[in-house]
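Spelled out from the first residue to the last, the chains are:
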Amino acid sequence: QVQLVESGGGLVQPGGSLRLSCEASGISVALNTMGWYRQGPGKQRELVATITRGRPVGVITNYADSVKGRFTISRDTDKNMVYLEMNSLRPEDTAVYYCNAKFRLGQRDFDYWGQGTQVTVSS
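Parameters and conventions
Residues numbered from 1 in each chain as written. Predicted model: local features only at pLDDT ≥ 70, side-chain atom pairs only at ≥ 80, totals over all residues. Heavy atoms only, no water. Pairing = 2+ DSSP bridges. Helix = DSSP H or I, 4+ residues; strand = E, 2+ residues; numbered from the N terminus. Buried < 20%, exposed > 50% of the residue type's maximum accessible area, 1.4 Å probe, protein only. Contact = heavy atoms within 4.5 Å. Disulfide = S-S within 2.5 Å.

A. Highlighting the pairing of strand S3 (residues 18-25). Sheet topology note: the strand S1 (residues 3-7)/S3 ladder contains five bridges and is antiparallel. Looking at the pairing, Val5 lines up with Glu23 of S3. Where S3 lies against strand S8 (residues 81-86), six bridges are found, and the strand directions are antiparallel. Paired with Leu18 across the two strands is Met86, which belongs to S8.

Set out below in structure tokens:
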């Protein structure tokens, strides 16, 4: 019963900011790789950012080139939530944003997805 529920999307002007939240249940955001993906109108779904635990300590983050320096992925392990802080938003950031979790069993990853939240950047 893994569930991912996104929230925080909305309409913002270019240059504005939004913070997306992903509430996870049935899976640990601390022990698994979490990520944000997006799909814009007429486009393929693309990776935005990922966050995973480092070894032996810490976290490792990865960002698409298009959002580096503008977006920040983070997690709250106590609340079991993942966030995406989006700054300096551009019209091309308009998309449905999906939360993703990967559960690794051996060499196989099992993917879980939320239903998505709409982000629209327009003046």
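B. View of the environment of Leu18. By secondary structure assignment, the location of Leu18 is in strand S3. Take Leu18: its relative accessible area is 16%, and that puts it in the buried class. When the C-alpha atoms of Leu18 and Ser88 are compared, they prove to be 9.4 Å apart, with 70 residues separating the residues in sequence. Those residues within four positions of Leu18 in sequence are excluded, and the remaining contacts are Gly8, Gly9, Gly10, Val12, Leu84, Glu85, Met86, Leu89 and Val119.

C. Focus on the pairing of S8. A large share of S8 lies buried, amounting to five of its six residues. Pairing between strand S7 (residues 71-76) and S8: six bridges, direction antiparallel. Bridging from a neighbouring strand, Thr72 pairs with Glu85 of S8. Where S7 hands over to S8, the hairpin turn is made up of four residues, of which Asn80 adopts a positive phi near 55 degrees.

D. Highlighting the state of the cysteines. Taken as a whole, this structure holds one disulfide when the rule is applied. In this model, Cys22 is linked to Cys99 through a disulfide, with the two sulfur atoms separated by 2.0 Å. When the S-S torsion is -80 degrees, as for the bridge of Cys22 with Cys99, the disulfide is left-handed. Of the two residues, Cys22 sits in strand S3 while Cys99 sits in strand S9 (residues 95-105), which places them 77 residues apart along the sequence.

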